[in-house]
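Descriptive structure summary
Residues per chain, in single letters:
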Amino acid sequence: MQPDRITRRAVMAAPLALAAAPAAVAQVQPHDTPVLRLFREWEAMDAQMDKLSGEAADAMFADLLALELRLRSTPSTGVADFAAKVVAFTFWGGACLYEGDAPEIWEEARALMGRG
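Since this is a predicted model, take the numbers as computed values, not measurements.

Our next topic: the pattern of salt bridges. Across all of its chains, the model carries six salt bridges by this definition. Residue Arg110 is joined to Glu99 by a salt bridge in which the shortest nitrogen-to-oxygen separation is 2.9 Å. You can see Arg110 sitting in helix α5 (residues 103-112) and its partner Glu99 sitting in the loop between α4 (79-90) and α5, a full eleven residues away along the chain. Shared partners join several salt bridges into a network, and the residues in it are Asp32, Arg37 and Arg40.

Rendered as structure tokens:
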């Protein structure tokens, strides 16, 4: 038997290997990066702010925006970092992302797309 030869057994086992692949991919966690650590802080602060109202909410909103700026200014090390920035800036898609509003995000988008 030659090692580079495709066998009937290999062909029949391929669908099983492909079926198991999504489960393996689902278990992969993004690396703990500075951006993702800041994003987790942002998520926690955003959730806490949802429970507040009035001046307390306004004060926390200013802190949330300052944290968001730190998040946006921290260089991404991968696609998960970039996604975290977009999520934070748009509040999970609740706000639009115009180029003039977040030049750091658009600069990274252009770099990721090879247009930097």
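Attention now goes to a nonpolar patch on the surface. On the surface, Val79, Leu112 and Met113 cluster together into a nonpolar patch covering about 350 Å² of accessible area. Counting through the fold element by element, Val79 comes out in helix α4.

Another aspect to go through is the environment of Met60. Tracing the backbone through its elements, the reader meets Met60 in helix α3 (residues 54-73). Put simply, Met60 and Asp50 are ten residues apart on the chain and 10.0 Å apart in space, counted from C-alpha to C-alpha. What Met60 contacts, discounting residues up to four positions off in sequence, is Met45, Gln48, Met49 and Leu52.

If you look at the biggest cluster of nonpolar residues, it comprises 14 residues, and the most contacted ones within it are Phe39, Trp42 and Leu71. For this core, the elements supplying multiple residues, two or more each, are α2 (34-49), α3 and α4. Per element, the largest residue contribution to this core is seven residues, and it comes from α2.

Glancing now at the packing of α2 against α3. When two helices pack together, their arrangement is captured by the angle between the axes and the distance separating the axes. Between α2 and α3, the least distance of the axes is 10 Å, while the angle of their chain directions is 165°. With respect to α3, the element α2 is oriented roughly antiparallel. Here α2 runs over α3; the crossing is left-handed. From α2, Val35, Leu38, Phe39, Glu41, Trp42, Met45, Asp46, Gln48 and Met49 reach across to α3, where they touch Ala57, Met60, Phe61, Asp63, Leu64, Leu67, Glu68, Arg70 and Leu71.

This paragraph deals with the side chain of Lys85. Secondary-structure assignment places Lys85 in helix α4. For Lys85, the contacting residues outside a window of four places in its chain are Val35, Leu71, Arg72, Thr74, Pro75, Ser76, Ile105 and Glu108.

Quick look at the packing of α2 against α4 now. The interhelical angle for the contact between α2 and α4, taken along N-to-C directions, is 25°, at an axis separation of 9 Å. Relative to α4, the element α2 lies roughly parallel. In terms of crossing hand, the pair formed by α2 and α4 is left-handed. Counting all contacts with α2, which are made through Val35, Leu36, Phe39 and Trp42, the residues of α4 involved are Ala80, Asp81, Ala84, Lys85, Val87 and Ala88. Tallied by class, the residues present in the contact of α2 with α4 amount to eight nonpolar, no polar and two charged.

Quick notes on the rules
- Residues numbered from 1 in each chain as written.
- Predicted model: local features only at pLDDT ≥ 70, side-chain atom pairs only at ≥ 80, totals over all residues.
- Heavy atoms only, no water.
- Salt bridge = Lys/Arg side-chain N within 4 Å of Asp/Glu carboxyl O.
- Helix = DSSP H or I, 4+ residues; strand = E, 2+ residues; numbered from the N terminus.
- Patch = residues over 30% accessible without salt bridge, like charges linked within 9 Å, V, L, I, M, F, W, Y side chains within 5 Å.
- Areas by Shrake-Rupley, 256 points an atom, 1.4 Å probe, with all protein chains shown as cover.
- Contact = heavy atoms within 4.5 Å.
- Core = buried A, V, L, I, M, F, W, Y, C linked by side-chain atoms within 4.5 Å.
- Buried < 20%, exposed > 50% of the residue type's maximum accessible area, 1.4 Å probe, protein only.
- Axes fitted to C-alpha atoms, helices over the stretch in contact; angles between N-to-C directions.
- Parallel < 35°, antiparallel > 145°, perpendicular 65-115°, else oblique.
- Left-handed = near helix turned anticlockwise from the far one by under 90°.
- Nonpolar A, V, L, I, M, F, W, Y, C, P; charged D, E, K, R; others polar.

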